[in-house]
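What follows is the residue order along each chain.
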Amino acid sequence: MQQSIFIVLDGIDGSGTSTHSKLLAGFLSLKGLKTYSTQEPSNSDIGKLLRTYLKNDKIPASTDALLFAADRVLHYNNDIKEKLEKGYTVISDRYLESSIAYQSSQSENISVEWVLDLNKFAGKPDLTIILDIDPKMSLARKQHKVLDKYEETTLLDKVRQVYLNRAKDEGYFVIYTDDIIEIVQSRIQNIVIEKLVQKGIQFKK
Ligand code: TYD
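Worth saying up front: this structure is predicted, and the values here are computed from it rather than measured.

Trainee: How do you make sense of the site of the ligand when you look at a structure like this?
Mentor: Taken together, the neighbourhood of the ligand is formed by 13 residues, with Asp 13, Arg 72, Arg 94, Ser 99 and Gln 103 sitting nearest. A distance of 3.0 Å is found between an oxygen atom of the ligand and a side-chain nitrogen or oxygen belonging to Asp 13. Here an oxygen atom of the ligand and a side-chain polar atom of Arg 94 are 2.7 Å apart. Protein contact buries 86% of the 550 Å² of open area that the ligand shows by itself. If you map the ligand onto the pockets, it falls in the largest pocket. Tallying contributions element by element places helix 4 (residues 96–106) first for the shell around the ligand, with four residues. Of the residues belonging to the shell around the ligand, the class tally is four nonpolar, three polar and six charged.

What follows is the structure in structure tokens.
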């Protein structure tokens, strides 16, 4: 019986993926599951390079797409896969859908198909939940911070649309996050619990 599960929370900047990943990890630990939290860009050298490139608008969108895919393949094969094999519940704050939404929104020459192809060596999550918010609301929350190059409304409107289209095509759950944090988190928890039950994963009731 499978005792591990790979969960991804994804969505536009400011949609709450980091906050809700942390809360979800705490909840699943209380349910008695061995939980491993991770994020993308990852902590690898490629991930660190990407964090500097996020502040640099001279980097071609295709270079970003290639590097995010390289980071992801490494992240999956040298980290996530190992944890899953040891029976951990893995929660990743962002994964493949970030590349599809952000990189394909940046250039007409970057198709969803190409991004999917680049990422074909990265394992698939068991559950992807898209956190959705209006970019005007999400960027308002970040006003005090130095913003990354993708953090502007016109681009994020496009990125959001790709997330929503993908969710429709792939059957991902979409949760609107401009609401009381506990309510949003409990919606996420309900979806995860349903998936655990479906997969026959045992947890404390
Ligand atoms: P984010 O996850 O918001 O990290 P932080 O909270 O530290 O700012 O920032 C990561 C940024 O990287 C975000 O703007 C989305 C972008 N990104 C991509 O464009 N493609 C990807 O494949 C990933 C994983 C992230």
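Still more ground to cover, so stick around.
Trainee: Would you mind showing me how to read the layout of surface pockets here?
Mentor: To locate leftover empty space, one rolls a probe as large as a water molecule over the atoms. Looking at the largest pocket, its volume works out to about 770 Å³. Looking at the lining of the largest pocket, the elements with two or more residues in it are helix 1 (17–30), strand 2 (35–39), helix 3 (61–85), strand 3 (89–93) and helix 4. The greatest single-element share of the lining of the largest pocket, amounting to five residues, is contributed by helix 1. When its volume is computed, the second largest pocket comes out at roughly 170 Å³. In terms of lining residues, the second largest pocket is bounded by 14 residues, among which Glu 97, Lys 124, Pro 125, Thr 128 and Tyr 172 are the most central. Sorting the residues of the lining of the second largest pocket by element identifies strand 1 (5–11), helix 4, strand 4 (127–132) and helix 7 (153–170) as the ones contributing at least two each.

Trainee: Help me out: how do you make sense of the side chain of Asp 93 in this one?
Mentor: Its place among the elements puts Asp 93 in strand 3. We note that Asp 93 is buried and unpaired, the nearest opposite charge coming from Arg 94 at a distance of 4.8 Å. Those residues within four positions of Asp 93 in sequence are excluded, and the remaining contacts are Leu 9, Thr 17, Ser 18, Ser 21, Thr 38, Gln 39 and Glu 40.

Trainee: In this structure, what is going on with the packing of aromatic side chains? I would like to understand it.
Mentor: To describe a pair of aromatic rings, you give the distance between the ring centres and the angle between the ring planes. Following the criterion strictly, the structure yields four aromatic pairs and no others. Ring geometry for Phe 6 against Tyr 76: centres 6.2 Å apart, planes inclined by 35 degrees, an arrangement best described as tilted. Remark: Tyr 76 occurs in helix 3 and Phe 6 occurs in strand 1; sequence separation between them is 70 residues. For the pair formed by Phe 6 and Tyr 76, the shared burial category is buried.

Trainee: Looking at this structure, how should I read the pattern of salt bridges?
Mentor: A side chain of one charge can pair with a side chain of the opposite charge when the charged atoms of the two come close. Taken as a whole, this structure holds 14 salt bridges when the rule is applied. Between Asp 64 and Lys 149 there is a salt bridge whose closest N-O contact spans 3.1 Å. Here the residue Asp 64 occupies a position in helix 3, and Lys 149 occupies one in the loop between helix 6 (135–141) and helix 7, the gap between them amounting to 85 residues. Here Asp 64 falls in the buried class, since its relative accessible area comes to 1%. On the basis of relative accessible area, Lys 149 is assigned to the partly exposed category, the value being 21%. Between Asp 79 and Lys 83 there is a salt bridge; the shortest N-O distance is 3.1 Å. Within this pair, Asp 79 and its partner Lys 83 are both found in helix 3, separated by four residues, close to a single helical turn. Note on Lys 83: relative accessible area 17%, which makes it buried.

Rules of the game
- Residues numbered from 1 in each chain as written.
- Predicted model: local features only at pLDDT ≥ 70, side-chain atom pairs only at ≥ 80, totals over all residues.
- Heavy atoms only, no water.
- Near = heavy atom within 4 Å.
- Polar contact = N/O pair within 3.5 Å; in protein donor to acceptor, adjacent residues only side chain to side chain.
- Areas by Shrake-Rupley, 256 points an atom, 1.4 Å probe, with all protein chains shown as cover.
- 1 Å grid on protein atoms, 1.4 Å probe; cavity = no way out; pocket = protein on both sides within 12 Å on 5 of 7 lines; lining within 4 Å.
- Sits in = over half its atoms within 2 Å of the grid points.
- Helix = DSSP H or I, 4+ residues; strand = E, 2+ residues; numbered from the N terminus.
- Nonpolar A, V, L, I, M, F, W, Y, C, P; charged D, E, K, R; others polar.
- Points joined across faces, edges and corners; volume = space filled by probe spheres on them.
- Buried < 20%, exposed > 50% of the residue type's maximum accessible area, 1.4 Å probe, protein only.
- Lys, Arg positive; Asp, Glu negative; His and termini not counted.
- Salt bridge = Lys/Arg side-chain N within 4 Å of Asp/Glu carboxyl O.
- Contact = heavy atoms within 4.5 Å.
- Phe/Tyr/Trp six-rings, centres within 6.5 Å; stacked < 30°, edge-to-face > 60°.

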